[in-house]
Amino acid sequence: MIYPVISTKNPIFLISSKIPRNQERCSKLSSFQSRSIFRSFHHQNPGIKPKTQFLNPVIGTNLGEVSVRKGKKKKESLWQQGFQEMLGLCGLGYWVQGFRCFPWLALNFHMAYNLNLNPSTLQLVQNSGNLPMVAKPLFGILSDALYIGGAHRIPYICFGVLLQVLSWGQLALFPVAGQALPALMACVLLSNTGAAITEVAKDALITEYGQKHRITGLQSYAFMALAAGGILGNLLGGYFLVKLPPRMMFLFFSVLLSIQLVVSLSASEECLGLARPLGPVPTGQSVSENIRKQLSDLMIAISEDSIFRPLTWIVASIAMVPILSGSIFCYQTQCLHLNPSVIGMSRVIGQLILLSLTVLYNRYWKQIPMRKLIGVVQILYASSLLLDLALVREINLSIGIPNEVFALCFSGLAETLAQFKILPFSVLLATLCPRGCEGSLTSFLASALCLSSIVSGFWGVGLAAMLGIRSSDYSNLPVGILIQFLAALLPLGWIHHVPMSQPVEKKRKKGMSKRNRKTRRIGRVVVGSVFAYRRERESDAQK
């Protein structure tokens, strides 16, 4: 009679509270059967020694594995805590950044009505105030190279928010600062300097955090928070302008910035896993040497074709379109006499569209080839510029649509598409960004985009001056809008610089735990040994 023997080098069956009852019963039953088979085999076949050694199964708990499991749970809880803190910090930061349209809407009406600036001067002030945004690469290099108290993102966020509090608070508490144009420009420059530092640090923070924890697409959530802040800012701005003076709106925004400052000061990069121990600069370099190294790494990263070509296209596509935002704004308020709430609500609708486009991109449009997506968006952007032509030529009135309704639905569409066009490029460069250049490269992208917007605004000022567009004469405004439309179609001629594919979030493979792998391996060895020994005994019996 042939008796199968279950044998292996280390048949250990681990039983814990997490194993289902049926699996526990099977393990107990297998251990009992193995002992009885082993005893009966030696009783009936005393001369035969099995080739494999049998060890009594140990039913218990592996303490080392339990400690590893507890360590993993602790790491997962710390990671979840850091992830929530990062979402709260950056979510609030991007929301406040989008809410900046609230005081800026009041500032535009203050310059147009209280200071009586003409359209060209108004647009010149708007674009000149954005000059600190061009210095973003400098702030990015400092953020990458210079640690403050073991952190190199959150301290810069706090400093930038503090500068904004000082500038908007001065406009709110000291009326003289808003009456003279030089003092007003000084406050605007100080505010945008703080905003530039804060934006650089936030962009670098989500890029570095996403690369460290292998999370892509955080830029989409940043755009969502940005759009949500813009929606509420424009919605409240149009209402508050009718009820309150601009100074009260400046004060309200200063209080909101103070709340952001408190939240930023309470955050810690150590919880995010991005801080380094206190001490000298790494590798023993001085601060100046480290800054030079960061600058060299930035130049090497930009020189890569995969980064340089799409960056060139997006910058050129913005810079070559002359923007007539100041002329359009003054035409709507001075000639059409649109209510501030209508202009604010039009921007609310634009931000709602931006939020919807961002959600659609994050869920579905990432699979579309990037070149095809950008080409369609550019065509839609150029076409949306013609909507201002319909408003100026009163085409909407001929088909029965009032000016208020038309401006409410379509006035902010071109600006919305221009903002959405940046999102795929932000995701692309954040994925291709080398380690250690998160702040430098993202700030260089933001600076290049800001510089292209300033150039576009100056082109618009020059075009308005050449066509003779002023507060008393808007007869040539349709010609300027047609030139805008043609200039927006030109970048399609070299859209081959945009890559076909775009980064897609890699799905992590579900792997088995150590426990499952070990149990599976033991089960395979046990079953294999049973059949191997059975075949061997059958062959001996046949002989």
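Computed from a prediction, not measured in an experiment: that's the story for all the values here. (Residues numbered from 1 in each chain as written. Predicted model: local features only at pLDDT ≥ 70, side-chain atom pairs only at ≥ 80, totals over all residues. Heavy atoms only, no water.)

Undergrad: Let's hear about the packing of aromatic side chains: which residues, and what values?
TA: One pass over the structure, following the stated rule, counts 17 aromatic pairs. Judged by centre distance (5.2 Å) and plane angle (15°), the rings of Trp95 and Phe99 are stacked. Separated by 4 residues within a single helix, Trp95 and Phe99 lie in helix α2 (residues 63–99), roughly one turn from each other. Arranged with centres 6.1 Å apart and planes meeting at 75°, the rings of Trp365 and Phe420 form a pair that is edge-to-face. On the criterion of sequence distance, the pair formed by Trp365 in the loop between α15 (340–363) and α16 (370–392) and Phe420 in helix α19 (residues 413–420) is long-range, its members being 55 residues apart. Within the aromatic cluster, the residues linked to one another by ring pairs are Trp95, Phe99, Phe102, Trp104, Trp168, Tyr239, Phe240, Phe250, Phe252 and Phe253. Here Lys202 stacks its cationic end above the ring of Tyr94, 5.0 Å away from the centre of that ring. The ring of Tyr381 has Lys421 lying over it, and the distance from NZ or CZ to the ring centre is 5.4 Å. (Phe/Tyr/Trp six-rings, centres within 6.5 Å; stacked < 30°, edge-to-face > 60°. Helix = DSSP H or I, 4+ residues; strand = E, 2+ residues; numbered from the N terminus. Lys NZ or Arg CZ within 6 Å of the ring centre and 35° of its normal.)

Undergrad: Can you explain the confidence of the model for the chain? Please cite residues and give values.
TA: Mean pLDDT over the chain stands at 76; residues scoring 70 or higher make up 74%. In this model, residues 1–38 is a region of pLDDT below 50 whose contacts with residues beyond four sequence positions or in other chains number 63 contacts. Across residues 504–543, confidence stays below pLDDT 50; counting only partners more than four residues off in sequence or on other chains, it has 34 contacts. (pLDDT = per-residue confidence, 0-100. Contact = heavy atoms within 4.5 Å.)

Undergrad: Tell me about helix α3 (residues 101–114), residues and numbers included.
TA: With 14 residues, α3 extends 19 Å from end C-alpha to end C-alpha; this agrees with the ideal 20 Å at 1.5 Å per step. Counting buried positions over the 14 residues of α3 gives 12, a clear majority of the element. Every buried residue belonging to α3 is among Cys101, Phe102, Pro103, Trp104, Leu105, Ala106, Leu107, Asn108, Phe109, His110, Met111 and Ala112, and all of these are buried. With its phi angle positive at about 55°, Asn116 sits one or two positions after the end of α3. (Expected span 1.5 Å × (residues − 1). Buried < 20%, exposed > 50% of the residue type's maximum accessible area, 1.4 Å probe, protein only.)

Undergrad: Describe unusual backbone geometry, and please don't skip the residues or the numbers.
TA: A positive phi angle, near 55°, is found at His337, a position not held by glycine. Located in the positive-phi region is Glu394, a residue other than glycine, with phi close to 60°. For Glu394, the position within the fold is in the loop between α16 and α17 (395–398).

Undergrad: Kindly report on empty space enclosed by the protein, identifying the contributing residues and their values.
TA: Summed over all chains, the structure comprises 3 cavities of 30 Å³ or more. There is about 70 Å³ of room inside the second largest cavity. Contributing to the lining of the second largest cavity are Gly93, Val96, Gln97, Arg100, Gln164, Ala195, Thr198, Glu199, Lys202, Leu257 and Gln260. Mapped by element, the contributors of at least two residues to the lining of the second largest cavity are α2, α8 (181–212) and α10 (246–266). Take the lining of the second largest cavity: its biggest share by element is 4 residues, from α8. (1 Å grid on protein atoms, 1.4 Å probe; cavity = no way out; pocket = protein on both sides within 12 Å on 5 of 7 lines; lining within 4 Å. Points joined across faces, edges and corners; volume = space filled by probe spheres on them.)

Undergrad: So what's going on with the environment of Ile422? Residues and values would help.
TA: Structurally, the position occupied by Ile422 is in helix α20 (residues 422–432). Residues Ile422 and Ala446 lie 24 residues apart in sequence; the distance between their C-alpha atoms is 9.8 Å.

Undergrad: How would you summarise the pattern of salt bridges if you had to cite specific residues and measurements?
TA: Taken as a whole, this structure holds 4 salt bridges when the rule is applied. We note a salt bridge from Glu199 to Lys136, for which the minimum N-O separation is 2.6 Å. You can see Glu199 sitting in helix α8 and its partner Lys136 sitting in helix α5 (residues 136–145), a full 63 residues away along the chain. Here Glu199 and Lys136 have matching classes, each one buried. A single salt-bridge network, built from bridges that share partners, covers Arg100, Lys136 and Glu199. (Salt bridge = Lys/Arg side-chain N within 4 Å of Asp/Glu carboxyl O.)

Undergrad: Which residues make up the UniProt feature "transmembrane region" (unreviewed entry) in the chain, and what are the values?
TA: Mapped onto this structure's residue numbering, the UniProt feature "transmembrane region" (unreviewed entry) falls at residues 221–242, 248–267, 311–329, 373–393, 405–432, 444–469 and 481–500. As annotated, residues 373–393 has a helix share of 95% and a strand share of 0%, and its two end C-alpha atoms lie 31 Å apart. The span residues 444–469 carries 92% helix and 0% strand; its end-to-end C-alpha distance comes to 34 Å. (UniProt positions renumbered as here; feature names shortened; annotations may be inferred.)

Undergrad: Residues and numbers for the nonpolar core, please.
TA: In this structure, Leu107, Met111, Trp168 and Leu477 are the most contacted members of the largest nonpolar core, which totals 80 residues. Looking at this core element by element, the count peaks at 12 residues for α8. Residue contacts for Trp168: discarding those within four places in its chain leaves Pro103, Trp104, Leu107, Ser191, Phe250, Phe253, Ser254 and Leu257. Counting residues in hydrophobic clusters, the runner-up holds 40 residues, among them Trp313, Tyr361, Ala382 and Val498. (Core = buried A, V, L, I, M, F, W, Y, C linked by side-chain atoms within 4.5 Å.)

Undergrad: Can you break down the environment of Gly436 residue by residue, with the values?
TA: Its location among the elements puts Gly436 in the loop between α20 and α21 (438–467). Classification of Gly436 by relative accessible area gives partly exposed; the value is 33%. Linking Gly436 and Gln294, residues 142 residues apart in sequence, is a C-alpha distance of 8.0 Å. If we skip the residues at most four places from it in the chain, Gly436 touches Asp144 and Gln294.

Undergrad: So what's going on with the packing of helix α4 (residues 119–128) against α21? Which residues, and what values?
TA: For the pair α4 and α21, the least separation of the axes is 9 Å and the interaxial angle reads 165°. Taken together, the axis directions place α4 and α21 in an arrangement best described as roughly antiparallel. Pair α4 / α21 crosses with left-handed handedness. Of the residues in α21, those touching α4 at Ser120, Gln123, Leu124, Asn127 and Ser128 are Ser453, Ile454, Gly457, Phe458, Gly460, Val461 and Ala464. (Axes fitted to C-alpha atoms, helices over the stretch in contact; angles between N-to-C directions. Parallel < 35°, antiparallel > 145°, perpendicular 65-115°, else oblique. Left-handed = near helix turned anticlockwise from the far one by under 90°.)

Undergrad: Describe a nonpolar patch on the surface, listing the residues and the values that go with them.
TA: Residues Leu173, Phe174, Leu244, Met248, Leu251, Val255, Ile259 and Val263 make up a contiguous nonpolar surface patch of roughly 690 Å² in combined accessible area. In terms of residue count, α10 provides more of the nonpolar patch than any other element does, 5 residues in total. Along the chain, Met248 falls in helix α10. Residue classification places Met248 among the partly exposed positions, given a relative accessible area of 39%. (Patch = residues over 30% accessible without salt bridge, like charges linked within 9 Å, V, L, I, M, F, W, Y side chains within 5 Å. Areas by Shrake-Rupley, 256 points an atom, 1.4 Å probe, with all protein chains shown as cover.)

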